[in-house]
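Topology and contacts: notes
Listed here are the chains, written in short residue letters.
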Amino acid sequence: MTTVEKRLTLDNINMLSLLGTNDSNLSLIEDRFNAQIIVRGDNVILKGVDEEVDTIEKVFKEMVYVLNTSGNLKSSDVETILDLTLQGKEIISDKDYDAIVLYTKNDVIKAKSTGQLNYLQTALKNDICFVIGPAGTGKTYLAVALAVSALKKGLVNKIVLARPAVEAGESLGFLPGDFREKIDPYLRPLYDALDDMMPSEKLRAYIEKRIVEIVPLAYMRGRTLNNSFVILDEAQNSTAVQMKMFLTRLGVNSKSIITGDITQIDLPPKTVSGLVQAKEILSDIEGVGFVYLDKADVVRHKLVKDIINAYEKFHTSQNGM
């Protein structure tokens, strides 16, 4: 058997809750294994026989999952995790654990399809990630979850979410209210996603301090965004000039996700979509990733997939006439 050393980084975890009062949970693990377990801050270093180290890593992953989903971790929970893990049973599989994006108070946000898992991996690997697919595939929701996760882990200092304010059948000038009231309906899906992922008081505080900004795309001009996670949603409705402007806002230590559905372009006729053009121009640049989701990745109400299928059949029949 091979002796190995492995380092686990447990980002944004309450280590006191994880390890237990006076390291009581840690002691339960140490009693079951011969491997050495060293805790330094949010890092856990494992030294020992490879099989045992792998098992201990699995135990810690299970503990993190239980702690984040239930809000606490009792000694009895750790005993159960140890018993199940040593029997080769799992609370959460490695595949599921790798798909987790964010723990919230009410849910675990994770990739729910093969396409979404590819989305997650591509977004983590590249500084700029384009995600193209139909409604209901989780494009926006996962992008916001990735941004919130990066903020919680201290990887960025700011989240900026932008959307083009393109009138889909109605004019902003004829809508009631001041400019903010007119523009809010276009930005509402971004607020809704954030509401699911952060306590409302914290979200309000972040918005007041401009740690989280939700703005129309036009407001991005002239800015340089350092240490930021920047999202452009509904990017199919950006013009070619707007897309170039947005992409060149990215500063040092920043990441960006651009989402859109190229079958739902609301731009005036003969206006080139910035998303469609970017797909043609940027596909070979290192550090820029492209993900294509389809109806198999729809995670909304089951009828959404049926509706997409019905429209595809309709358009196919129309084009065949």
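In short, a report on the structure. (Residues numbered from 1 in each chain as written. Predicted model: local features only at pLDDT ≥ 70, side-chain atom pairs only at ≥ 80, totals over all residues. Heavy atoms only, no water.)

As a further point, take the nonpolar core. A general feature of soluble globular proteins is that nonpolar side chains tend to end up buried together. Counting residues in hydrophobic clusters, the biggest one holds 38 residues, and the most contacted among them are Y119, L161, L194 and I257. Counting only elements with at least two residues in this core, the list comes to β4 (100–103), α6 (114–125), β6 (128–132), α7 (139–152), β7 (158–163), α8 (179–197), β8 (212–216) and β9 (228–232). A per-element tally of this core places α7 first, with nine residues. Setting aside residues up to four positions removed in sequence, L194 forms contacts with V144, V148, L161, L203, V212 and I214. (Core = buried A, V, L, I, M, F, W, Y, C linked by side-chain atoms within 4.5 Å. Buried < 20%, exposed > 50% of the residue type's maximum accessible area, 1.4 Å probe, protein only. Helix = DSSP H or I, 4+ residues; strand = E, 2+ residues; numbered from the N terminus. Contact = heavy atoms within 4.5 Å.)

Here we come to the sheet that holds strand β2 (residues 36–40). Ordered by their spatial adjacency, three strands build an open sheet running β1-β3-β2, and the pairing between neighbours is antiparallel. Each having just a single partner strand, β1 (3–9) and β2 make up the two edges of the open sheet. The sheet shows a mean angle of 15° between the axes of neighbouring strands, taken without regard to direction. Sitting on the sheet, helix α3 (residues 50–70) touches β1, β2 and β3 (43–49), and the angle it makes with β3 is about 150°. (Pairing = 2+ DSSP bridges. Axes fitted to C-alpha atoms, helices over the stretch in contact; angles between N-to-C directions.)

With that settled, consider the packing of α3 against helix α4 (residues 75–86). Close contact between α3 and α4 brings their axes to 10 Å; oriented N to C, the two are set at 140°. Considering their axes alone, α3 and α4 lie oblique with respect to each other. In this structure, α3 meets α4 at a crossing whose hand is right-handed. Each of T55, K58, V59, E62, M63 and V66 in α3 lies in contact with α4, whose residues at this interface are D77, V78, I81, L82, T85 and L86. Residue composition of the contact of α3 with α4, by class: seven nonpolar, two polar and three charged. (Parallel < 35°, antiparallel > 145°, perpendicular 65-115°, else oblique. Left-handed = near helix turned anticlockwise from the far one by under 90°. Nonpolar A, V, L, I, M, F, W, Y, C, P; charged D, E, K, R; others polar.)

Size it by volume and the largest pocket reaches roughly 1,400 Å³. If you go around the largest pocket, you meet 46 residues; those closest to its centre are V101, L102, Y103, S149 and K153. Elements with a contribution of two residues or more to the lining of the largest pocket: β1, α3, α5 (94–99), β4, α6, α7, α8 and α9 (200–208). The element contributing the most residues to the lining of the largest pocket is α3, with eight residues. Of the residues assigned to the lining of the largest pocket, the class counts are 24 nonpolar, eleven polar and eleven charged. The volume enclosed by the second largest pocket comes to roughly 1,000 Å³. What lines the second largest pocket is a set of 42 residues, and nearest its centre among them are P134, A135, G136, T137 and K139. Sorting the residues of the lining of the second largest pocket by element identifies β5 (108–110), α7, α8, β10 (255–260) and α12 (302–319) as the ones contributing at least two each. (1 Å grid on protein atoms, 1.4 Å probe; cavity = no way out; pocket = protein on both sides within 12 Å on 5 of 7 lines; lining within 4 Å. Points joined across faces, edges and corners; volume = space filled by probe spheres on them.)

Positioned with a positive phi, E234 is a non-glycine residue whose angle comes to about 55°. Structurally, E234 is set in the loop between β9 and α10 (240–247). Given the relative accessible area of 28%, E234 is considered partly exposed. In this structure, N253 is a non-glycine residue whose phi angle is positive, near 55°.

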